[in-house]
Amino acid sequence: MDTLDNLAKYKIFLSVAECKSISKAAAQLYISQPAVSITIRKLEESLNTTLFIRKSKGVSLTEKGKLLYDSAKQAFHLLMDTEQILKSSRSTGYLRIAVSNVLCKYFLMPYLKEFTHQYPDTDVSITCTSSSDACAMIEKCVIDLALVAKPDNLGKSQYHSLGIIEYVFVCTPAYRSKFNCTNDEIFNYGNIMLLNKDNGSRTHINNYYARNNIMPSHVLEVNDMDLLIEFAKMGIGISCVVRQFVQRELDSASLMEIELSGPVPPREIGFLYNQIQPLNQNILNFIHINAGRTEIQKQNGTKEGR
């Protein structure tokens, strides 16, 4: 089978897989339903395998069909990206990045600012999502680079560490003085402020609670780390935040750390990229853009917007 001669077949295959219906794919592609059916049958014959399970209402991919779908989708993404590059004579390529909201604001921005300054003709796209989704996107090769907490299993991905982030519980000295209890008992009385449950940092804290048999009595959830910091400074309660984000407040004593007998374990964060796809040079350009910095320490020492 000549792969290049089958590009049209693969396009129809992708449409059927995504629509989960031959008739819907035909309507989407503005061709007849029999033409779609014949194309899929010929593709299956040429590959000597079954790609779809036919059902009374639609179709679903077989395991081999899923394998072909992932590869075909990646190939078409690469073709579209290359076309975009060729259309722009000044373009120096593209870079697709996935990152959580928290890591984007506090860690990615310094890299992004310097990268766009040095490589103004490179197209950059940012997807804000959870760390787990970002890792899945790397595995499927739909993005080039992810800024995430280090996964337990790197698989075939390469990881460039930026260092460790620490989690601390902080509040104003006045708020802490309201409670006549030990620091470890504060969870039974204080208003504990956390990121919402969809956040990777919250999952990390929930795991810490589970290991230490902690069940906070009063919890306030927000979706932004800045709000946690501001609420703590207002004396509303005790916020769980990244130490590097509040070091200035801790140094000035406007906030104090609730020092626990069992501190929250730190997390390692860094850049993740896939080794199985052709290397996009802009990945390395981006990762090493601030090579002269002391990574996390300097990034958080020069935070903007706080």
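Look above for the structure.
Note that the coordinates shown come from a computational prediction; the quantities given were computed from them, not determined experimentally.

Is there a simple way to explain the sheet that holds strand β12 (residues 267-274) in this structure?
The strands making up a sheet are joined through hydrogen bonds of the backbone, oriented either antiparallel or parallel. Taken together, five strands build an open sheet; the order of strands is β4-β3-β5-β12-β6 and the sheet is mixed. Every interior strand has two partners, whereas the edge strands, β4 (123-128) and β6 (157-165), have only one. Averaged over all neighbouring strand pairs, the angle between strand axes comes to 20°, with direction disregarded. Along the sheet, helix α5 (residues 101-118) makes contact with β3 (94-99), β4, β5 (145-149), β6 and β12, crossing β4 at roughly 175°. Across the face of the sheet, helix α6 (residues 131-139) comes into contact with β3, β4, β5, β6 and β12 while running at roughly 145° to β5.

Whenever I open this one, empty space enclosed by the protein confuses me. Can you help?
Evaluated as defined, the whole model comprises two cavities of 30 Å³ or more. Taken as a whole, the largest cavity holds about 120 Å³ of empty space. Taken together, 15 residues make up the lining of the largest cavity; nearest its centre are Ser100, Leu103, Ser131, Ser201 and Arg267. Secondary structure elements with two or more residues in the lining of the largest cavity: α5, α8 (200-211) and β12. Tallying contributions element by element places α5 first for the lining of the largest cavity, with three residues. Per-class residue counts for the lining of the largest cavity are nine nonpolar, five polar and one charged. Empty space within the second largest cavity amounts to approximately 40 Å³. Lining the second largest cavity, in full, are Tyr167, Leu194, Leu195, Ser201, Arg202, Ile205 and Cys240. Going through the elements one at a time, β8 (191-195) and α8 are the ones with two or more residues in the lining of the second largest cavity. The element best represented in the lining of the second largest cavity is α8, accounting for three residues. Here the residues of the lining of the second largest cavity are counted per class, giving five nonpolar, one polar and one charged.

What exactly am I supposed to notice about the environment of Ser261 here?
In this structure, Ser261 sits in the loop between β11 (256-257) and β12. Each C-alpha atom of the pair Ser261 and Asn183 lies 8.2 Å from the other, and the pair is 78 residues apart in sequence. At 2.5 Å, the side chain of Ser261 and the side chain of Asp184 are in polar contact.

How do you make sense of the pattern of salt bridges when you look at a structure like this?
Scanning all chains against the criterion turns up ten salt bridges. Across the salt bridge formed by Arg96 and Asp144, the nearest N and O atoms sit 3.0 Å from each other. With a gap of 48 residues between them, Arg96 in strand β3 and Asp144 in the loop between α6 and β5 connect regions that are remote in the sequence. Asp144 carries the same exposure label as Arg96, and that label is buried. Across the pair Glu249 and Lys233 runs a salt bridge whose closest N-O atoms are separated by 3.7 Å. Placement of the pair is Glu249 in helix α10 (residues 247-252) and Lys233 in helix α9 (residues 225-233), with a sequence separation of 16 residues. According to the relative accessible area criterion, Lys233 is partly exposed, its value standing at 37%. A network of salt bridges, in which partner residues are shared, links Glu166, Arg243 and Glu257.

Would you mind showing me how to read the nonpolar core here?
For soluble globular proteins, the rule of thumb is that nonpolar side chains tend to be buried together. Core analysis: the largest hydrophobic core is formed by 57 residues, its most contacted members being Phe169, Tyr209, Met225, Phe271 and Phe286. For this core, the element with the most residues is α5, which contributes nine residues. Apart from residues no more than four positions distant in its own chain, Phe271 is found in contact with Leu108, Tyr111, Leu145, Ala146, Leu147, Gln158, Tyr159, His160, Leu162, Phe286 and Ile287. Membership of the second largest hydrophobic core comes to 19 residues, among which are Cys19, Ala25, Ile40 and Leu68.

In this structure, what is going on with the sheet that holds strand β9 (residues 218-222)? I would like to understand it.
Spatially, five strands are ordered β9-β8-β10-β7-β11 in an open sheet, and the strand pairing comes out mixed. With one partner strand each, in any of the chains shown, β9 and β11 form the two edges of the open sheet. In this structure, β8 lies alongside strand β10 (residues 238-242), joined through two bridges in parallel fashion. Paired with Met193 across the two strands is Ser239, which belongs to β10. Relative to β10, α9 is tilted by about 135°, and along the sheet it contacts β7 (167-171), β8, β9 and β10.

Quick question: what am I supposed to make of α5 here?
Because each turn of an α-helix spans 3.6 residues, side chains separated by three or four positions end up pointing in the same direction. Relative to the 26 Å expected for 18 residues at 1.5 Å per residue, α5 spans 24 Å between its end C-alpha atoms, a close match to the ideal helical length. Where α5 bends most, at Leu108, the angle is about 60°, and the proline Pro110 comes one to four residues later. Listed in full, the buried residues belonging to α5 are Val102, Leu103, Cys104, Tyr106, Phe107, Leu108, Tyr111, Leu112 and Phe115. The opening residue of α5 is Ser100, an N-cap whose side-chain oxygen sits 3.2 Å from the backbone nitrogen of Leu103.

Definitions and cut-offs
- Residues numbered from 1 in each chain as written.
- Predicted model: local features only at pLDDT ≥ 70, side-chain atom pairs only at ≥ 80, totals over all residues.
- Heavy atoms only, no water.
- Pairing = 2+ DSSP bridges.
- Helix = DSSP H or I, 4+ residues; strand = E, 2+ residues; numbered from the N terminus.
- Axes fitted to C-alpha atoms, helices over the stretch in contact; angles between N-to-C directions.
- Contact = heavy atoms within 4.5 Å.
- 1 Å grid on protein atoms, 1.4 Å probe; cavity = no way out; pocket = protein on both sides within 12 Å on 5 of 7 lines; lining within 4 Å.
- Points joined across faces, edges and corners; volume = space filled by probe spheres on them.
- Nonpolar A, V, L, I, M, F, W, Y, C, P; charged D, E, K, R; others polar.
- Polar contact = N/O pair within 3.5 Å; in protein donor to acceptor, adjacent residues only side chain to side chain.
- Salt bridge = Lys/Arg side-chain N within 4 Å of Asp/Glu carboxyl O.
- Buried < 20%, exposed > 50% of the residue type's maximum accessible area, 1.4 Å probe, protein only.
- Core = buried A, V, L, I, M, F, W, Y, C linked by side-chain atoms within 4.5 Å.
- Expected span 1.5 Å × (residues − 1).
- Bend = angle between axes of the 7 residues up to and from the residue.

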